[in-house]
Amino acid sequence: MTIEEPRQAEKIAKRRAWTFTSQERPSLGDALSGREGREAFWQYWVTDNFWNFANLAGHFGMKLLPMDACSRLGAGLGLFAVPRFHKVASQRARQTIRALRPDLNAGEQEALFRENCRAQGRLMTEFSVVNRLRNNRDRLTLQGLEIIGEAAKAGPVIIVGMHLGNWEVGPTVLQSINVHPHAFYLPPKGRAKAWIAERVRRKAGLRFLPPGAEGIRPAIKILKSGGVVSTFCDEGFAGTIRGPFFDRKPHLEGNLAIAIRLARMTGATICPWYSLRTDGFRFECRALPPIRLPSEERPGARQLDDILLLNEAIEPIIRANLDQWYFLDNALRPQ
């Protein structure tokens, strides 16, 4: 690192935090205010409600299915719909595969893409049945999760998940080791989807932190009292992968930096974990060795080094399981 780089890092670190804003509800007055207001009113009250009804009907309808049938339905839907109706995202996914897996030939790269389409579809339909795993724990194989439980007994913990397999099994898995985290939560777009996601996760026992900057203060308070906070450090934003870095220049944007800052401020141990789909609606859940940040000479002196330390823990896992990675359809950052 050059002399100029720490200054740049500090400058980037002081950027204003992202703030979440919910969608406003158009009124009748908006509908009468002109074309723009009329279109917003129609979109919210008519078009969106059509899809809200469809999403709710699909979610509750699939609850009638056995777990494996629900998952297989999702795999078929994903393979059919993703390449046909999400062409831009599909193109990005294929480009990302070519960049990250040049060792595969064209046929193998396409097979990886198609398997990812199945995985994306499974995630959507499994929302209807994922909480049944509480009474079907034989479908979950746990490896090393007691590490997280031991760390939580000793002091504050930041659990870092990855968007692999089906991460919605997390609350069930963590409850089995008596860990009950507060989680950063960004509602999905669409009122029905947001309602479904919150309902399923609350029933699983998850406790939410406010999205965006508003969640930072409560997270710090929880950690300083010896509690547990959960986040994910692999992410796509506006169609671009923010984490892991995948040999790109490290940066201070996104959840990798937030997790490190929280750990430095509170002395929390970072505990990465992930799930992998093994056979249909069955998962293997693994914990990585906990990360305890080394001491630093002055506040912020190791910021980029700390971020790279966390990145190097999660990136190899994601590289090895791109077929199950949720953000595969995002583009790599420029070199």
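See above for the structure.
So, a few notes on the structure that sits alongside this text. Since we're looking at a predicted model, the values are computed, not measured. (Residues numbered from 1 in each chain as written. Predicted model: local features only at pLDDT ≥ 70, side-chain atom pairs only at ≥ 80, totals over all residues. Heavy atoms only, no water.)

A few words now on the side chain of Asn 330. When you line up the elements, Asn 330 lands in the segment after helix H12 (303–319). For Asn 330, a relative accessible area of 8% puts it in the buried group. Of the polar contacts made by the side chain of Asn 330, one reaches the backbone nitrogen of Thr 240; its length is 3.4 Å. Beyond its immediate sequence surroundings of up to four residues, Asn 330 is in contact with Arg 92, Thr 96, Gly 236, Phe 237, Gly 239, Thr 240 and Ile 241. (Helix = DSSP H or I, 4+ residues; strand = E, 2+ residues; numbered from the N terminus. Buried < 20%, exposed > 50% of the residue type's maximum accessible area, 1.4 Å probe, protein only. Polar contact = N/O pair within 3.5 Å; in protein donor to acceptor, adjacent residues only side chain to side chain. Contact = heavy atoms within 4.5 Å.)

You can see Thr 96 is positioned in helix H5 (residues 87–100). According to the relative accessible area criterion, Thr 96 is buried, its value standing at 2%.

Backbone phi values are negative for most residues with the exception of glycine, while trans is the configuration of most peptide bonds. The omega angle of the peptide bond from Gly 243 to Pro 244 is 0 degrees, so this bond is cis rather than trans. Tracing the backbone shows Pro 244 in the loop between strand E7 (240–243) and helix H11 (255–266). Non-glycine residue Asn 178 carries a positive phi angle of around 60 degrees. Mapping Asn 178 onto the fold places it in the loop between helix H8 (170–175) and strand E3 (182–184). For Asn 178, a relative accessible area of 61% translates into the label exposed.

With 4 of 5 residues buried, strand E9 (residues 283–287) is to be regarded as a mostly interior element. In the sheet, strand E1 (residues 140–143) pairs with E9 via 4 bridges, with the strands oriented parallel. When the sheet's bridge partners are listed, Leu 140 is paired in E9 with Phe 283. Between the antiparallel neighbours strand E8 (residues 269–277) and E9 lie 5 residues, among them Gly 280 with a positive phi of about 65 degrees. (Pairing = 2+ DSSP bridges.)

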